[in-house]
Amino acid sequence: MPLVSRLRLALFVLVPLALASCGGGGGGGGFSFFPFPPPSTAAKYAVGGNVSGLQGSGLVLQLAGATDLAVTANGAFVFSEKLDKGASYAVSVKQQPSTPSQTCTVNNASGTIGNADVANVAVVCATTSQKVSVAVTGLDAAGGLVLQNNAGDDLAVSADGTFSFATPVAVGADYGVTVKTQPTALQVCIAKQAFGTVTTAPIASVTIACTTPGADRFAFTANEGTSDVSMYIVNSDGSLTDAGRFPVGGTPQHVTTHPSKPYIYASNISGATRGVIQYTIDTTTVPTGTLTQQRAITAGVGTNPYFVGIAPNGQHAYVIGDGMLHTLDVDPNTGELTGGTAVAGGVSRKIGLDPQGRFAFVVVNGNSLAAFRLDPATGAPISPPASVALPGSSGLTDIAIEPTGRFAYANVGNNPGTLLAYAIDATTGALTQIGSVPAGNTPFGMAIDPSGRFLYAANRNSNNVSAYSIDPRTGALTPVPGQPFAAGNVPNSVTVDRTGRFAYTANQADNTITFFTIDRATGSLGTGVRIVSSGGGPQFLALTK
């Protein structure tokens, strides 16, 4: 074909394409010769680990959604497919080795892809294996409980008793029993003695303790702006109905409830009643209820008591005031706080109490987190504490302890804030940092759901709630999908109800309470519903039944 003809043909084909890519619609303004999207450049990451103890042949590993991987020798392995950041991964044994016959167990088998390749999956093989059994107590007849071992091997349980997982665990491998699905009824089941390494005997020490906490009936807020305590009725859907305001006569900062008695306590830092104000809940007017102020407790609590908390057994009270941690006895018949000892510590607005009553965790001098052992008889902190340094810009620090007492969490910093995760020494209470995650602007109040699976932090200056799942084996925090969740203005605290279905923030700046539903499977919060507070400047919300 002559050159001129070839040029005419090229123009005939290319000009319409160019016009189509330039014209027609909308205002892009640029020229794109081929109107196709650019190829994705998002980073992808590999999943792999190490195999040990393999003697037989035929081992096949599986990565969910990827090609199977045949393994012929001990050492490192990696799946060929790579995954996007934020994707979930799960490694399992598709085929066990033979000749000789072995059991291979996958540890660190599942998780979420971060900013690097996953290289810590451990496949442990052995010629012998052991069963893992659990003893379940307190389960309601409705059942619905589902347990897992090593993040798999689901075991459905419908009654109390001893049950074994179907898949044995290789000797030398780890086991880890967790609650995958809580019971159908309003129960909370906690796994204890749930992690360890398989040796030469079957595992029979794991217990699953189920309790029926019952739904909360009343909520209370300490209102700094109107010098009072508000009372609310908790409805069956978790919403709140105003039940009146009750004077404090000063500046309340915190409110707490007794774990088993109809007593509530508010800390007050000003006025003639500066101290701890004790009320009794009068339930004779159910369903509304009312509060009766019993006394202002001024002895043994300091002149500026910012926090008051009650020990899990209900026998002792702890008050932060004047840079001291005060311990008092609780009269079981009247609720009065008497006696009192004090140790240095307590410049924050809250302390962390171990659910077993062994330790109290408190900020000392703004730069260290102290773990006090508690006297089993008196509840008094035993000095000196075991301390761990905090960052220099800690700000207002809260401390939360998960229900098994194995892990503690502290929030520090302002913009952005950080949540620090610690392992707790079961004998001394000493803290060892195991990680950290970013939070919002000025995280303050924190709460852990009763199952111990999720942690929530109220971010005062970003007006939202950060949410994290808690790794039951390591205590590490992973952001819950969809977080942070919008709250009101300046949420000072977040509180989770005793069934793990509802969460609430007390929003100081706009005089509201934000009410959330909780997805008990994922920890995600539903869209927050703001409820107008009956009092001004709510600081903290407490619940009781």
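The rules behind each value
Residues numbered from 1 in each chain as written. Predicted model: local features only at pLDDT ≥ 70, side-chain atom pairs only at ≥ 80, totals over all residues. Heavy atoms only, no water. Helix = DSSP H or I, 4+ residues; strand = E, 2+ residues; numbered from the N terminus. Buried < 20%, exposed > 50% of the residue type's maximum accessible area, 1.4 Å probe, protein only. Contact = heavy atoms within 4.5 Å. Areas by Shrake-Rupley, 256 points an atom, 1.4 Å probe, with all protein chains shown as cover. Lys, Arg positive; Asp, Glu negative; His and termini not counted. Charge placed at Lys NZ, Arg CZ, Asp CG, Glu CD. Phe/Tyr/Trp six-rings, centres within 6.5 Å; stacked < 30°, edge-to-face > 60°. Pairing = 2+ DSSP bridges. Axes fitted to C-alpha atoms, helices over the stretch in contact; angles between N-to-C directions. Disulfide = S-S within 2.5 Å. Core = buried A, V, L, I, M, F, W, Y, C linked by side-chain atoms within 4.5 Å. pLDDT = per-residue confidence, 0-100. Polar contact = N/O pair within 3.5 Å; in protein donor to acceptor, adjacent residues only side chain to side chain.

S.K.: Help me understand the overall build of the protein, please; the structure alone is not making it clear to me.
M.R.: A tally of regular secondary structure across the protein gives one helix and 49 strands. For the protein, the C-alpha atoms occupy an extent of roughly 105 × 70 × 45 Å along the three principal directions. Looking at the 545 residues of the protein, the share that counts as buried comes to 49%. Long-range contacts, defined here as pairs at least 24 residues apart, represent 53% of the contacts in the protein between residues at least 6 apart. As presented, the protein carries roughly 23,000 Å² of accessible surface, and 56% of it is formed by carbon and sulfur atoms. Both charge centroids of the protein, one from 27 positive and one from 29 negative side chains, sit 7 Å from each other.

S.K.: I keep staring at the packing of aromatic side chains and nothing clicks. Help me out?
M.R.: The description of an aromatic ring pair rests on the distance of the ring centres and on the angle between the ring planes. Counted by the stated rule, this structure contains four aromatic pairs. Judged by centre distance (6.0 Å) and plane angle (90°), the rings of Phe77 and Phe79 are edge-to-face. In this pair, the class of Phe77 matches that of Phe79, namely buried.

S.K.: What is the right way to read the sheet that holds strand β38 (residues 418-424) from this model?
M.R.: Across a sheet, strands are paired by hydrogen bonds formed along the backbone, either parallel or antiparallel in direction. Spatially, β36-β37-β38-β39 is the arrangement adopted by the four strands of the open sheet, whose pairing is antiparallel. Of all strands in the sheet, those with a lone pairing partner are β36 (399-401) and β39 (431-438), marking the two edges. Taken over all neighbouring pairs, the strand axes of this sheet differ in orientation by 25° on average, direction set aside. Across three bridges, the pairing between β36 and strand β37 (residues 407-412) is antiparallel.

S.K.: Got a minute to help me understand the state of the cysteines in this structure?
M.R.: Put plainly, a disulfide is one covalent bond tying together the sulfur atoms of two cysteines. Within this structure, the stated rule accounts for two disulfides. Sulfur-sulfur distance for the disulfide between Cys189 and Cys210 comes to 2.1 Å. Here the S-S torsion is close to 110°, and the disulfide linking Cys189 with Cys210 is therefore right-handed. Of this pair, Cys189 sits in strand β18 (residues 188-192) while Cys210 sits in strand β20 (residues 203-211), placing them 21 residues apart in sequence.

S.K.: What am I meant to see in the nonpolar core here?
M.R.: A general tendency of soluble globular proteins is for nonpolar side chains to be buried together. Counting 25 residues, the largest nonpolar core has Val134, Val136, Leu145, Leu147, Val177 and Ile208 as the members making the most contacts within it. Residue assignment for this core shows that the elements contributing at least two residues are β10 (118-126), β12 (132-137), β13 (145-149), β14 (152-157), β16 (169-170), β17 (174-181), β18 and β20. When near neighbours in sequence (up to four residues on either side) are disregarded, Leu145 contacts Val136, Leu139, Leu155, Ala156, Val157, Val179, Thr181, Pro183, Cys189, Ile208 and Cys210. Within the second largest apolar cluster, 23 residues are counted, among which are Leu63, Phe77, Tyr89 and Cys125.

S.K.: Any chance you could explain the sheet that holds strand β34 (residues 368-374) here in plain terms?
M.R.: Reading across from one edge, β32-β33-β34-β35 is the order of the four strands in this open sheet, with antiparallel pairing throughout. The two strands at the open ends of the sheet, each matched to only one other strand, are β32 (352-353) and β35 (381-389).

S.K.: Would you mind going over the pairing of strand β33 (residues 359-364) with me for this structure?
M.R.: Note on strand geometry: in a regular strand, side chains alternate between the two faces of the sheet. Across the six residues of β33, six count as buried, placing the element largely inside the fold. Side-chain alternation along β33 places Phe359, Phe361 and Val363 on one buried face and Ala360, Val362 and Val364 on a second face that is also buried. Bridge count between β32 and β33: two bridges; the pairing is antiparallel. What sits directly across from Leu353, in β33, is Ala360. Linking β32 to β33, which pair antiparallel, is a turn of five residues; within it Gly357 sits at a positive phi near 75°. In textbook terms, the turn of a hairpin is the stretch between consecutive antiparallel strands, and for β33 and β34 this stretch comprises three residues, one of which, Asn365, has a positive phi near 60°.

S.K.: I would appreciate a short explanation of the confidence of the model for the protein in the present structure.
M.R.: Any residue range with low pLDDT should be treated as having predicted coordinates unsuitable for detailed reading. Averaged over every residue, the pLDDT of the protein is 89; residues scoring 70 or more account for 90%. Counted against residues more than four places away or in other chains, residues 1-35, with its pLDDT under 50, gives eight contacts.

S.K.: What is the right way to look at the side chain of His258 in this model?
M.R.: The residue His258 is located in the loop between β24 (252-257) and β25 (263-268) in this model. Assessed through its relative accessible area of 4%, His258 is described here as buried. Separated by 3.0 Å, the side chain of His258 and the backbone nitrogen of Ser260 make a polar contact. Excluding its chain neighbours within four sequence positions, the residues that come into contact with His258 are Tyr263, Ile310, Gly314, Val330 and Thr544.

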